[in-house]
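# Coordinates in review
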Amino acid sequence: MSTEDRPPAPRSLAEALRGRDDVSLGALLRSRPDLITPVPTDLTQLATRAGTRASVVRALERLDRFALQTAEALAVAADPATYDELLGLMAGDDADPAVAQALPHALGVLREQALVWGGDDRLRLVRTARELLAPSPQHPSPTGLGPTVQEATAGMSPGRIQEIVTAAGLPSTHDSVSAVTSLTGLFTDRRRMAALLAEAPADSLDVLERLVWGPPYGQVTADPAPRLRWLLDRGLLLPTAPGTVVLPREVALHLRRGRAHRTPEPVPPAVEAAAVHRPQVVDSTAAGQAYTALATVEELLKDWDEGGPAVLRAGGLSVRDLKRTAVALDVLEPVAAFWVELAYAAGLIAPDGEADERYAATPAYDEWLELPAAERWSRLVTAWLPATRTPGLVGGRDAKDRTLSALGPGLDRSAAPEVRHRVLALLAGLPEGAAPAAESVLARLRWERPLRGAQREDDLRSRLAGWALSEAEMLGVTGRGALSAHGRALLGAPAAPAKSPEAEPSGPGDKLPVHHRPTQVPTLSAAEQAVASTAAARLLTPLLPEPLDHVLLQADLTAVAPGPLRRPLADTLGVLADVESKGGATVYRFTPGSVRRALDAGQSASDLHAFLAAHSRTPVPQPLTYLIDDVARRHGHLRVGAASAYVRCDDDAVLNEIIADKRAAGLGLRRLAPTVLAAQTDPAGLLEGLRAMGFAPAAESAEGDVLITRAHAHRTPPRTAPEPVPDGPPVPDEILLAAALRAIRAGDLASTTPRKPGTAPEVNGELPRTGSAETLATVQAAVLTGEALWIGYVNAEGTASQRVIAPIRVEGGFVTAYDHTADEVRTYPLHRITGVAELADDAG
């Protein structure tokens, strides 16, 4: 393309955006969704919004390390800069080939993000980004460079500048501007600069070496040492304040051989495999973890079935209740916090809303229990993936130095879902069965989102990544650290890359690097995630153990369940016996207390005998039969009712034994009749006291009937799961994006269409203003001539806009016209048109 045919260079960001097609503008709005909230009226407003500080900071935080290094280099380059100047700052005099290869893509990212505009001969960094990234005494540049010679000498006296020019071997000039220009030319001329430094004392060069990579500022006394005086006399160090000197940017770049960064990082660090396992081992291990996750959540909800811990006044669980839950689940407190938060995120538990508010299971828990095991697992992990509540923060402190509690406020971190998804995507990019080295995953994440400023002190993303790895293992998404087949399906990820020969392990646990670019895993919509979850459940189903309908009774009053039990069997056995140990096989122990618990629940001795005979693969041991019969014979022999409380028994010898027992002193017993004792305690306390003494009393009603005590499940009213806290404005879908682009283009057409001289406001963007009579006359004339008009319009909500219309008819106070900006026929009330203006004859 010749110079004459080349389109003119844009003079502003708005003009640069105006030259983009819809695909490019759509990519901008998709990557920076804050620009579309609300939809800009035209491209000028879009450019203005793209240059605001909040939006630019947000865009910079989402750049990878090399793209950010490129922006930092532009911030210390001339404005505007050429591509060759930028390449020199990034690749240095050695022209690093890796940097040269990666730079066009990084620059393309900055252009797409509207942080850089202009052609390769006039690259301009958005002014706000330059202010944020350019070096200053208050905010040093990440490059470690200081101010330019011109900036550093801005307040220096003309005489002192001439002294520096003369000492550097340059001819004196008539003014300071030419002197600074001459000094800058010396420092940017590699040959002359090398000759000047060749004359420098060795200890002076040592001073420069300490400042060259930053920080560029140093302290000097009122009488500098000779090594410093030599540098100050020649302007290689320039004073910025009393006692402070700075290394000029041009000098530092010469000493760095042109590099703006000590270590450019054009290539992301590889995610290394710490170990490689057989895929079958990974899948079976993950399936075992998935089964354990289901069992843990069920145990938690069973423990809270009749009403869980109280809700703190500020919300959440108390430290004591979390400890009690951890003991009940036989896990550490941080792990217990994770399971509690997961059940809450899945909508299985919630506050009950009563006056004495407690946590309890929701009705959704009962529905969840009826699902097949694999579907129950998919419900849990589908709730985990987008959750913003972060259990790893439990026990820490918030900004007001208050302890963060499980289920309490302050645990939402909007970055959690994005980090979680990215960690799993990196795992999906590894060969099948490969488990990553955790530090290499963190290094990759730091490259993709480098830390800036205060973020370095609190590396939240690294902590979120560590928690994501451990939580994925607990849930069975990964096994032995590697992504499982059902975990890959859950993400909607493509098949794992084939193993390279160098990745073959020589033995279990061998550490070896895996060099590849991780597979790009798409972010799924709600409908796509539902399909992926179904596919994951289908892959997991054959890996989960089938529930059993039998146990093995043993002579030592124990029962062994060699695998998971069907729910009715597990529920009944959980009442009749106590769990002694868990694992691949669960051991239950029968005790007098557990048998009495079953009898209190309404079972008879014959029911228990029949139950054990039907579900045991081994004969019912005689000691167990005797235990059940003995407890049943004594069960209900004593009767407790309300007096405050009383005990009655047909055998007065038993009552004599109770009164004589020293352990009954605290019950306040006294004889009312040969078969009746009265107590000062309440019936429940009396029942517990007698049971502690070894008796088996039964409660009775006012009519004298034995009360059957059954556990009553406590449920909350219907509750919805907590909504994740969004990380900024949501990414627009295709429908919204198309509508926004259409509106922006329409508004831009209206604001940039040429008007006839003298008929339009001189200020671009200002609505035309004409009287109602003139408006009506102009519109009626346009109907006759078929010409288009530029109008200002205010809708019913008070929003003002500019439009280009071709009036068709005017009647009843309305104008019907073809709206060029909306590309359709519309009707406008005349009283809402602020004014009209005729378009120029050459308006396209």
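Residues numbered from 1 in each chain as written. Predicted model: local features only at pLDDT ≥ 70, side-chain atom pairs only at ≥ 80, totals over all residues. Heavy atoms only, no water.

## A closer look at the overall build of the protein
Within the protein, the secondary structure is distributed over 33 helices and 25 strands. Per-residue burial over the protein gives 46% buried out of 844 residues. Accessible surface computed for the protein: about 40900 Å², of which carbon and sulfur atoms make up 54%. (Helix = DSSP H or I, 4+ residues; strand = E, 2+ residues; numbered from the N terminus. Buried < 20%, exposed > 50% of the residue type's maximum accessible area, 1.4 Å probe, protein only. Areas by Shrake-Rupley, 256 points an atom, 1.4 Å probe, with all protein chains shown as cover.)

## Overview of the sheet that holds strand S4 (residues 238-241)
Within a sheet, adjacent strands bond to each other through the backbone by hydrogen bonds, running parallel or antiparallel. Taken together, three strands build an open sheet; the order of strands is S3-S5-S4 and the sheet is antiparallel. Taken across any chain shown, the strands that pair with only one partner, and hence form the sheet edges, are strand S3 (217-219) and S4. Along the sheet, successive strands turn relative to each other by an average axial angle of 40°, direction set aside. Both S3 and strand S5 (residues 244-246) contribute to a ladder of three bridges, which runs antiparallel. Considered in S5, the bridge of Tyr 217 is made with Val 246. (Pairing = 2+ DSSP bridges. Axes fitted to C-alpha atoms, helices over the stretch in contact; angles between N-to-C directions.)

## Observations regarding the pairing of strand S13 (residues 558-561)
Here S13 shows two buried faces, one formed by Thr 558 and Val 560 and the other by Ala 559 and Ala 561. The sheet contact formed by strand S12 (residues 552-554) and S13 spans three bridges and is antiparallel. Among the inter-strand pairings, Leu 553 is bridged to a residue of S13, identified as Ala 559. The turn joining S12 and S13, which pair antiparallel and follow one another in sequence, is formed by three residues; a positive phi near 65° is taken by Leu 557. Here S13 runs beside strand S15 (residues 586-589); their pairing, made up of four bridges, is antiparallel. When the bridges of S15 are listed, Ala 561 appears paired with Thr 586.

## Some points on the packing of helix H22 (residues 438-448) against helix H23 (residues 460-475)
One way to put it is that H22 packs onto H23 with a least axis distance of 10 Å and a crossing angle of 140°. Our classification of the angle between H22 and H23 gives oblique. In this structure, H22 meets H23 at a crossing whose hand is right-handed. For the pair formed by H22 and H23, the contact residues are Ala 438, Leu 442, Leu 445 and Arg 446 on the first element and Arg 461, Ser 462, Ala 465, Gly 466 and Leu 469 on the second. For the contact of H22 with H23, the class distribution of residues is five nonpolar, two polar and two charged. (Parallel < 35°, antiparallel > 145°, perpendicular 65-115°, else oblique. Left-handed = near helix turned anticlockwise from the far one by under 90°. Contact = heavy atoms within 4.5 Å. Nonpolar A, V, L, I, M, F, W, Y, C, P; charged D, E, K, R; others polar.)

## Overview of the packing of helix H6 (residues 83-91) against helix H7 (residues 97-112)
Here H6 crosses H7 at 125°, and the two axes come no closer than 10 Å. The angle between H6 and H7 places the two elements in the oblique class. Where H6 crosses over H7, the two elements pack in a sense that is right-handed. Counted together, Tyr 83, Leu 86, Leu 87, Met 90 and Ala 91 of H6 and Val 99, Ala 100, Leu 103, Pro 104 and Leu 107 of H7 form the full contact between these two elements. In terms of residue class, the contact of H6 with H7 is made up of ten nonpolar, no polar and no charged.

## Focus: the sheet that holds S12
Read across the sheet, four strands follow the order S12-S13-S15-S14 without closing on themselves; strand pairing throughout is antiparallel. Because the sheet does not close on itself, it has two edges, and the strands there are S12 and strand S14 (578-581). Pairs of neighbouring strands in the sheet enclose a mean axial angle of 30°, with direction left out of account.

## A short note on empty space enclosed by the protein
Within the structure shown, the criterion is met by three cavities of 30 Å³ or more. Considering only enclosed or pocket space, the largest cavity measures out at about 80 Å³ in volume. Lining the largest cavity are Phe 338, Glu 341, Leu 342, Ala 345, Trp 384, Ala 387, Arg 389, Pro 391, Arg 420 and Glu 471. For the lining of the largest cavity, the element with the most residues is helix H18 (residues 333-345), which contributes four residues. Of the residues contributing to the lining of the largest cavity, the split by class is six nonpolar, no polar and four charged. (1 Å grid on protein atoms, 1.4 Å probe; cavity = no way out; pocket = protein on both sides within 12 Å on 5 of 7 lines; lining within 4 Å. Points joined across faces, edges and corners; volume = space filled by probe spheres on them.)

## So, the confidence of the model for the protein
Regions with low pLDDT should not have their predicted coordinates read in detail. Residues with a pLDDT of 70 or more make up 89% of the protein, whose mean pLDDT is 85. Overall, residues 500-519 carries pLDDT values under 50, and its contacts beyond four positions in sequence, including any with other chains, amount to 42 contacts. (pLDDT = per-residue confidence, 0-100.)

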